[in-house]
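Coordinate inspection notes
The chain contents come next:
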Amino acid sequence: MVMKDIVVENIVASTTLADQLDLDAIALALEGAEYEPEQFPGLIYRLKNPKTAMLIFRSGKANCTGAKNLEDVKTCITTVKDMLDKAGVDVYPDPEITVQNMVAVYDLKTDLNLNAIAISLGLENVEYEPEQFPGLVYRIYDPKVVMLLFGSGKVVCTGARKMEDIETAVKRLRKELSDADLLH
């Protein structure tokens, strides 16, 4: 099946660590934390393993970015929560995690005629302006994802919140391209 060929490149997930946080104190407590409020309102803390980053805000909300799987998301958030706890920062014991966006790449393993695809997939769901951007933007509404198709056959899928949505979108794309005889 095609699904083993889908590679997740990034997962962005959000959580709430506390009702509010003192980012100045956290910047001192977490070695290597980056906090420059005049440039970005959040504190950035990067983990080496898994290679992820947490964006932590005064509101207590935080975003994990850079994860390639859900286990890495959980590890990132748990690690940062535990470090804050050890540093004496009052954080929730079991913060809820919500996936906001997944970005995955898939290779159709064939060159694509983006002009023909733009016409075939229906102009209401497609944006294709090769002078502006070399890829075709294809919006699917169920599941709600955006796919970027390139002439090389590479496809970037974004906007999904779960792996099944990416798989469904890729299957639908393959079927639509096959039905239109645009997949060789």
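Within every chain, residues take consecutive numbers counted from 1 along the sequence as written. For a predicted model such as this one, the threshold for reporting local features is a pLDDT of at least 70, and the threshold for listing and counting side-chain atom pairs is 80 or more; totals across whole chains, interfaces and linings nevertheless cover every residue. For side-chain calculations, the full set of non-hydrogen atoms in the structure is used, while hydrogens and water are omitted.

1. Points about the pairing of strand β3 (residues 52-56)
With five of its five residues buried, β3 lies for the most part within the structure. By the alternation rule, side chains of β3 split into T52, M54 and I56 and A53 and L55, which are all buried. Any two strands with at least two DSSP bridges between them are considered paired. Helix and strand assignments come from DSSP, with helices taken as H or I runs of at least 4 residues and strands as E runs of at least 2, each series counted from the N terminus. Where strand β2 (residues 43-47) meets β3, five bridges bridge the pair, whose relative direction is antiparallel. Within the sheet, the bridge partner assigned to L43 lies in β3 and is I56. Connecting the antiparallel pair β2 and β3 is a turn made up of four residues. Bridge count for β3 against strand β4 (residues 61-67) is four bridges, and the pairing is antiparallel. By the bridge assignment for β4, I56 is matched with A62. Accessible area is worked out with a 1.4 Å probe on protein chains only. A residue is then buried under 20% of its type maximum, exposed over 50%, and partly exposed in between.

2. Overview of the sheet that holds strand β7 (residues 136-141)
Ordered by their spatial adjacency, nine strands build an open sheet running β2-β3-β4-β1-β5-β9-β8-β7-β6, and the pairing between neighbours is antiparallel. Either end of the sheet is taken by a strand with one partner, and the two such strands are β2 and β6 (126-127). Bridging between strand β1 (residues 7-16) and β4 involves five bridges; their strand directions are antiparallel. Bridged to S14 within β4 is N63.

3. A word on the nonpolar core
Counting residues in each nonpolar core, the largest one holds 54 residues, and the members touching the most others are M147 and L149. Residue contacts are defined here by distance: any two heavy atoms, one from each residue, within 4.5 Å place the two residues in contact. If near-sequence neighbours (up to four positions away) are discounted, L149 is found in contact with L112, L114, I117, G135, L136, Y138, K154, V155, L173 and L177. Buried residues of nine kinds, namely Ala, Val, Leu, Ile, Met, Phe, Trp, Tyr and Cys, make up a nonpolar core once their side-chain atoms join them within 4.5 Å.

4. Quick look at the side chain of D165
Its place among the elements puts D165 in helix α4 (residues 163-179). For D165, the contacting residues outside a window of four places in its chain are P143, V145 and A160.

5. Re the pattern of salt bridges
Here a salt bridge means any side-chain nitrogen of Lys or Arg lying within 4 Å of a carboxyl oxygen belonging to Asp or Glu. Taken as a whole and assessed by the stated rule, the structure comprises eight salt bridges. For the salt bridge of R58 with D24, the shortest nitrogen-to-oxygen distance reads 3.5 Å. Pair noted here: R58 is in the loop between β3 and β4 and D24 is in helix α1 (residues 23-29), with a separation of 34 residues, a long-range link. A relative accessible area of 39% means that R58 is categorised as partly exposed. We note a salt bridge from K175 to D179, for which the minimum N-O separation is 2.6 Å. Taken together, the residues span about one helical turn, with K175 and D179 both in helix α4 at a distance of four residues. When sorted by exposure, K175 lands in the same class as D179, which is exposed.

6. Observations concerning the pairing of strand β9 (residues 154-160)
Summarising the sheet, strand β5 (residues 97-107) and β9 pair through six bridges and their orientation is antiparallel. Counted as the bridge partner of Y106 is V155 from β9. Pairing geometry for strand β8 (residues 144-149) and β9, over four bridges, is antiparallel. Bridging across to β9, M147 finds its partner in C157. Where β8 folds back onto β9 in an antiparallel hairpin, the turn is made up of four residues, including G153, whose phi is positive at roughly 100°.

7. Some details on α4
Taking 1.5 Å of rise per residue, the 17 residues of α4 would be expected to cover 24 Å, and the 24 Å separating its terminal C-alpha atoms lies within 8% of that figure. For α4, the complete set of buried residues consists of D165, I166, A169, V170, L173 and L177. Along the axis of α4, the buried residues cluster in a sector spanning 130°; they form a single face. For α4, exposure combined with an orientation more than 90 degrees from the buried face picks out K175 and D179. Tucked inside the fold, the buried residues of α4 contact β5, α3 (114-120), β7, β8 and β9. One or two steps after α4, the chain reaches D181, where phi turns positive at roughly 60°. The length a helix should cover is 1.5 Å for every residue beyond the first. Directions from the helix axis toward the C-beta atoms define the arc.

Any functional reading would require information that these geometric values do not contain.
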